[in-house]
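Coordinates in review
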Amino acid sequence: MRETKDLPILTDTYNSTEDFRPVENSLYIFASTGERRASHITSWSTTAHNITLIEICDETQSSFKTKGNDSPLSLRSEVEIQSLWASTPAGTRIYLDITGLTHSVWAGILKSAIISKLDILVVYVEPDVYSRSSAPVEGQIYDLSSSIQGISPLPGFATLSSRNNDEFTFIPLLGFEGPRLRYIVEQIQPGYENITPIVGSPGFKPWYVFETYIGNKGALTETSAWQAVRYAPANCPFSCYYLLEEIAKDNNGKALKVALIGTKPHALGAVLFTLSNPTPVELVHDHPIRKAGRTGGTARLLVYHVSALFDDSSAVHLSRTSNRPRRSVRR
């Protein structure tokens, strides 16, 4: 595993969700699901001082609603997403709790906040356990997804143009679900020599790294990609971010396709890298339908100070101030 001790890891770690409280006069965005870890705010929401809560509901791949509003906000409309901040006083600290949100929604909201140069922190709660499959087959140790909706880009993020689409480095961020990796490999057909998987190590639990290999054994063996595996702590988006920087540098600016099929912190690292770095990147996602009861209990709560990665030289800001195209991409 690469050394990150000299790089900033901007994370606050709470061993119990009970120890966490947002600062006063902040804005907290979240979604409630059937998972216990996503409902941790009930322990403080009634006693917190001057915290504005925005609950996200009715998520789709292209839109979402906030509780109490009938009109959905389009993830393809920067103006509509920025309405979340319309009445927010300058200097307000914003918390985006991605625990119960889908990738499309939290990534779109995060991008809007970064573009608006807001002080935003991302919150994530690890599950204590994952639901094991009652009838496990190859690649399905855990019972996490009922189906996938198919590959499509995250709204508001780049898709590689045809001239960058012939040769690219494929970086799957691996979780437990081997069939998802196999499906994406079949769909995008990367050159096997250009696959660099990232495995979460250490995992949320010490043994998860082994179960990641077991779950993805078929595709890793068929493509020989097991020989190119890299590692980043499963709960650290910053380590994943720095590793993507390193891979991009080693590939001399070659376009990247990053598959978001692992942990949410790793997906967060990929989104942050995409927004901050000029390397052409496409975020590949298969939009799984989450199973009810897929996790149990709550473990650590982590707060990521993501705004600290961005300044006026970040790619997401340069692309808005320059009339010249920053990437060979289409949106």
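It should be noted that the structure appears before, not after, this text.
Bear in mind that the values here come from a model prediction, so they are computed numbers and not experimental data.

Along its length, the protein carries eight helices and 19 strands. Per-residue burial for the protein yields a buried fraction of 53% across its 331 residues. For the protein, the proportion of contacts with a sequence separation of at least 24, taken over those separated by at least 6, is 81%. In the structure as shown, the protein presents an accessible area of about 14,800 Å², 47% of it carried by carbon and sulfur atoms.

Pairing in this open sheet of eight strands is mixed, and the strands run E1-E18-E7-E6-E2-E3-E4-E5 from one edge to the other. The sheet is open, and its two edges are formed by strand E1 (11–14) and strand E5 (73–74), each paired on a single side. Here E1 runs beside strand E18 (residues 295–304); their pairing, made up of four bridges, is antiparallel. Looking at the pairing, Tyr14 lines up with Leu301 of E18.

In this section: helix H6 (residues 237–250). One full turn of an α-helix is made of 3.6 residues, so residues set three or four places apart face in the same direction. With 14 residues, H6 should cover 20 Å at 1.5 Å per step; its first-to-last C-alpha distance of 20 Å lies within 8% of that length. Counting buried residues along H6, 10 of its 14 residues qualify, which places the element largely inside the surrounding structure. What H6 keeps buried is the set Pro237, Phe238, Ser239, Cys240, Tyr241, Tyr242, Leu243, Leu244, Ile247 and Ala248. Positive phi shows up at Asn252, right after H6, with a value of about 55 degrees.

Grouped together as the largest cluster of nonpolar side chains are 64 residues, with contacts concentrated most on Trp106, Ile109, Leu110 and Val258. Not counting residues within four places of it along the chain, the set of residues in contact with Trp106 comprises Leu96, Ile98, Leu101, Lys264, Ala267, Leu268 and Val271. With 19 residues, the next largest nonpolar core counts Ile184, Ile188, Val209 and Val229 among its residues.

What follows covers the pattern of salt bridges. For the coordinates displayed, the defined rule picks out 10 salt bridges. Among the ionic pairs, Lys205 bridges to Asp128, the shortest N-O distance being 3.2 Å. One end of the pair, Lys205, is in the loop between strand E13 (198–200) and helix H4 (208–215); the other, Asp128, is in strand E7 (residues 119–130), and 77 residues separate them in sequence. For Asp286, the salt bridge goes to Arg180, with nearest N and O atoms at 2.7 Å. One end of the pair, Asp286, is in the loop between strand E16 (281–284) and strand E17 (288–290); the other, Arg180, is in helix H3 (residues 178–188), with 106 residues separating them in the sequence. You'll find Asp286 and Arg180 in the same group, each marked buried. What emerges from the salt-bridge pattern is a single network uniting Glu177, Arg180 and Asp286.

Our focus in this paragraph is the packing of helix H2 (residues 103–115) against helix H7 (residues 264–276). As a packed pair, H2 and H7 sit with axes 11 Å apart at the nearest point and diverge in direction by 40 degrees. Taken together, the axis directions place H2 and H7 in an arrangement best described as oblique. For H2 against H7, the interelement crossing comes out right-handed. Residues His103, Trp106, Ala107, Leu110, Lys111 and Ile114 of H2 form the contact with H7, whose own contacting residues are Lys264, Ala267, Leu268, Val271, Leu272 and Leu275. Along the lines of polarity and charge, the residues of the contact of H2 with H7 split into nine nonpolar, one polar and two charged.

With that settled, the discussion passes to unusual backbone geometry. The omega torsion of the bond from Ser201 to Pro202 falls at 0 degrees, within 30 degrees of zero and hence cis. The topology assignment puts Pro202 in the loop between E13 and H4. Of note in the backbone geometry, Lys117 takes a positive phi value of approximately 55 degrees without being a glycine. Residue position: Lys117 is located in the loop between H2 and E7.

Scoring rules and cut-offs
- Residues numbered from 1 in each chain as written.
- Predicted model: local features only at pLDDT ≥ 70, side-chain atom pairs only at ≥ 80, totals over all residues.
- Heavy atoms only, no water.
- Helix = DSSP H or I, 4+ residues; strand = E, 2+ residues; numbered from the N terminus.
- Buried < 20%, exposed > 50% of the residue type's maximum accessible area, 1.4 Å probe, protein only.
- Contact = heavy atoms within 4.5 Å.
- Areas by Shrake-Rupley, 256 points an atom, 1.4 Å probe, with all protein chains shown as cover.
- Pairing = 2+ DSSP bridges.
- Expected span 1.5 Å × (residues − 1).
- Core = buried A, V, L, I, M, F, W, Y, C linked by side-chain atoms within 4.5 Å.
- Salt bridge = Lys/Arg side-chain N within 4 Å of Asp/Glu carboxyl O.
- Axes fitted to C-alpha atoms, helices over the stretch in contact; angles between N-to-C directions.
- Parallel < 35°, antiparallel > 145°, perpendicular 65-115°, else oblique.
- Left-handed = near helix turned anticlockwise from the far one by under 90°.
- Nonpolar A, V, L, I, M, F, W, Y, C, P; charged D, E, K, R; others polar.

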